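Listed below, chain by chain, are the residues.
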Amino acid sequence: HPATSEEFFTLLETNFPPKTVRALEETFMVGSVTTSKNEPFVIIRSYNFDALFAGLLAWEPALYDDLAPVFGSHNAGTRVFVDAVKNNASIRILFDEAGTEVLLYAFVNQNTVIITTSSSALSKILEHL
């Protein structure tokens, strides 16, 4: 059977709060989209916006490292997420020390979040939703 979102985040041994993981829908998507390079993404859904939003904020300090097995990683140095709006979506972007986007997550609606590596990847994914 396909892995559930709970199995996926448990297998990766993430620091995603367990209460939030339990609030996720079972189905999720992992893939890659081509911009100037192949960029990975994860799409998750929850029935509980408040739990999802709070869980993602709580996960931010570990999110980059936790997803490194799926997304790859480079030394991002000091990492702090900042708020932005792109493609009419409220997003949180993580920049490396050189000011390059290395990770972001976007609420595309109350129940759906896309996690990916750049704004251009997000734009491509949104074209196909």
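For the structure itself, consult the block above.
Here we summarise the structure given alongside this text. Here the structure is a predicted model, which is why all the values come from computation and not from measurement. (Residues numbered from 1 in each chain as written. Predicted model: local features only at pLDDT ≥ 70, side-chain atom pairs only at ≥ 80, totals over all residues. Heavy atoms only, no water.)

## Regarding the sheet that holds strand β5 (residues 101–107)
Here we have six strands laid out as an open sheet, ordered β1-β2-β6-β5-β4-β3, and antiparallel in their pairing. Pairing within the sheet leaves two strands with one partner each, and these edge strands are β1 (29–34) and β3 (81–86). Strand-to-strand twist in this sheet, taken as the mean axis angle between neighbours without regard to direction, amounts to 25°. Packing against the sheet, helix α3 (residues 49–71) makes contact with β1, β2 (38–45), β3, β4 (89–95), β5 and β6 (112–116), and its axis sits at approximately 150° to β5. Along the sheet, helix α4 (residues 119–127) makes contact with β1, β2, β3, β4, β5 and β6, crossing β6 at roughly 135°. (Pairing = 2+ DSSP bridges. Helix = DSSP H or I, 4+ residues; strand = E, 2+ residues; numbered from the N terminus. Axes fitted to C-alpha atoms, helices over the stretch in contact; angles between N-to-C directions. Contact = heavy atoms within 4.5 Å.)

## Examining the environment of L103
Note that L103 resides in strand β5. Each C-alpha atom of the pair L103 and R92 lies 8.5 Å from the other, and the pair is 11 residues apart in sequence. Setting aside its immediate chain neighbours within four residues, L103 contacts L63, Y64, F71, F81, R92, I93, L94, I115, T116 and T117.

## Here's the deal with α3
Here α3 is 23 residues long, yet its end C-alpha atoms lie only 25 Å apart, well below the 33 Å a rise of 1.5 Å per residue gives. Its maximal kink placed at E60, α3 deviates by approximately 70°, while the proline P61 follows within four residues. Capping the start of α3 is the job of one residue whose side-chain oxygen sits 3.2 Å from the backbone nitrogen of D50: N48. Looking one or two places after α3, you find G72, whose phi comes out positive at around 75°. (Expected span 1.5 Å × (residues − 1). Bend = angle between axes of the 7 residues up to and from the residue. Polar contact = N/O pair within 3.5 Å; in protein donor to acceptor, adjacent residues only side chain to side chain.)

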